[in-house]
Amino acid sequence: MFCSIKNPTERRYVIRMWIMAALCVLFSLVAALVFRHSRPHGILSYLVAVLPALPIMGALIYTGVYLAEEKDEFQRNLLVQSLLGGTGGILAVTTAWGYMEDFARAPHLDLVWVYPLFWLFAGISYGLVRARYR
Amino acid sequence: MESKFSNSVNRRFHRRSLVVMVLYVLSLAVMSQAIDHLHPKGMALYLLALLPALPIVAAIVIIALYLSEQKDEFVRTLQIESMLWGVGATLTVTTIWGALEKFAHIRPMSLFLVYPLCCVFVFLARVVVKRRYR
C-alpha cells in the first residue's frame, strides 16, 4: 500500500498519519469506555477526555515535520496551499455556524468536528489546487 | 526592508480589512436590532444570523488575495508559516476543548470564537517566527 509512494518523505508522512489516525480511533474508544463504565471525576476525567486529542496533536506536528523535510518545492507548495484552503473553509464554516447557533438556535456542532472538517476542506482544496496545475 | 510593491500590497490589504471591519460592525448592529425588533422566525432568522459571518468570510478571502498578490517571498513565507502555526494551535485547542465538552462536560465554547482564537494564535506565531528570522 505504502510502497507505491516513491517519495520517501511523503511515504513517511503517510505512514505517520495513518498511525495517528489509528491511535485517535483507539484512544477515543478507550475514553468512551472509561467514561461509560467507571465515570471518572476531577482531574482524571480531564486527562481521559484529552487522550483522543493527543494523536491529533501528533498528526499536526508530523504535518509540520513533513513540510520541513519535503525537498520537492512543488509538493510542499501544494500541501501549503491545501492547508490554507482548509483553514479558510473551516474558519468560514465555524463562524457562520457559530452565529446561527447563538442567534438562530441552530443545533450545536461539537468542537471535535472542527479537526475532521478542516481535513475535509484541505482535501477538497488539494484536489482543486492539483487540477489547476495540470 | 520591504519593497515598494510589497508596501502597496500591504496598503491594499489594510484598506480592504478596514472596510470589512466596518461592514462587520454594521452587520452585527443590523442583525441584533432586526432580531430584537422584528422577531424573525425560520429561514429569515437563519439568514439574519448569517449576516455578520459574511464580512468574516470576506476577511478570509482578503487574506488569500494578500498572499497571492504579495510578491515579496520572505514576507509571504513569514505570513504562511505564522498561519500554519496558528491553525495548528487552533485545531489543537478546539480538539481538546471538544473532547472535554463531550466527555468531561465542561462549558461549551461558541463556534464563532474559533476565528478570533485563530487570529490570536497567528499573531503570536508571527511574533515568534519573525524573531527567529532576525
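Bear in mind that the values here come from a model prediction, so they are computed numbers and not experimental data.

Rules used throughout
- Residues numbered from 1 in each chain as written.
- Chains lettered and ligands numbered in written order.
- Predicted model: local features only at pLDDT ≥ 70, side-chain atom pairs only at ≥ 80, totals over all residues.
- Helix = DSSP H or I, 4+ residues; strand = E, 2+ residues; numbered from the N terminus.
- Expected span 1.5 Å × (residues − 1).
- Buried ≥ 20, exposed ≤ 12 C-beta atoms within 10 Å, placed from the backbone.
- Contact = placed C-beta atoms within 7 Å.
- Domains from an automatic or database assignment.
- Nonpolar A, V, L, I, M, F, W, Y, C, P; charged D, E, K, R; others polar.
- pLDDT = per-residue confidence, 0-100.

Considerations on helix α3 (residues 53-69) of chain A
Helix length check: α3(A) (17 residues) gives 24 Å between terminal C-alpha atoms against 24 Å at 1.5 Å per residue, within 8%. If you check which residues of α3(A) are buried, you get Ala53(A), Pro55(A), Ile56(A), Ala59(A), Leu60(A), Tyr62(A) and Thr63(A). Residues of α3(A) that are buried sit in contact with α1 (8-37), α2 (42-50) and α5 (114-133) of chain A together with α4 (73-104) of chain B.

Here we look at the domain arrangement of chain A
All names here are of chain A. If you check the domain split of chain A, you get domain 1 (1-71) and domain 2 (72-134). Between domain 1 and domain 2, the C-alpha centre-to-centre distance is 19 Å. Contacts between the two partners involve 6 residues from domain 1 and, on the opposite side, 6 residues from domain 2. Grouping the amino acids of the side of domain 1 that touches domain 2 by side-chain chemistry returns 2 nonpolar, 1 polar and 3 charged.

Notes on the interface of chain B and chain A
Think of interface size as the accessible area that goes away when the parts come together; that is how it is often given. Between chain B and chain A, the contact holds 38 residues from the first and 39 residues from the second. Mapped onto the side of chain B that touches chain A, the elements with two or more residues apiece are α1 (4-38), α2 (42-50), α3 (53-69), α4 and α5 (114-132) of chain B. If you tally residues by element for the side of chain B that touches chain A, the top one is α4(B), at 18 residues. Residues of the side of chain B that touches chain A, tallied by class, amount to 30 nonpolar, 6 polar and 2 charged.

Focus: the confidence of the model for chain A
Residues of chain A with pLDDT of at least 70 account for 98%, and the chain-wide mean is 89. When pLDDT is averaged over each element of chain A, α5(A) comes out on top at 92 and α2(A) at the bottom at 87.

Side note on the domain arrangement of chain B
Domains assigned within chain B are domain 1 (1-71) and domain 2 (72-134). Each of domain 1 of chain B and domain 2 of chain B has a C-alpha centre, and the two are 20 Å apart.

Overview of the confidence of the model for chain B
On average, chain B scores 88 in pLDDT, and the residues at 70 or more come to 96%. Across chain B, the secondary-structure element scoring lowest on mean pLDDT is α1(B), at 87, and the one scoring highest is α5(B), at 93.

Describing unusual backbone geometry
Phi is positive for Arg105(A), which is not a glycine, with a value near 55°. Mapped onto the fold, Arg105(A) is located in the loop between α4 (73-104) and α5. For Arg105(A), a count of 11 C-beta atoms within 10 Å corresponds to the exposed category. Not every positive phi belongs to a glycine, and His105(B) is a case in point at roughly 55°. Mapped onto the elements, His105(B) comes out in the loop between α4 and α5. C-beta crowding within 10 Å serves as the criterion here: with 11 such atoms nearby, His105(B) is assigned to the exposed category.

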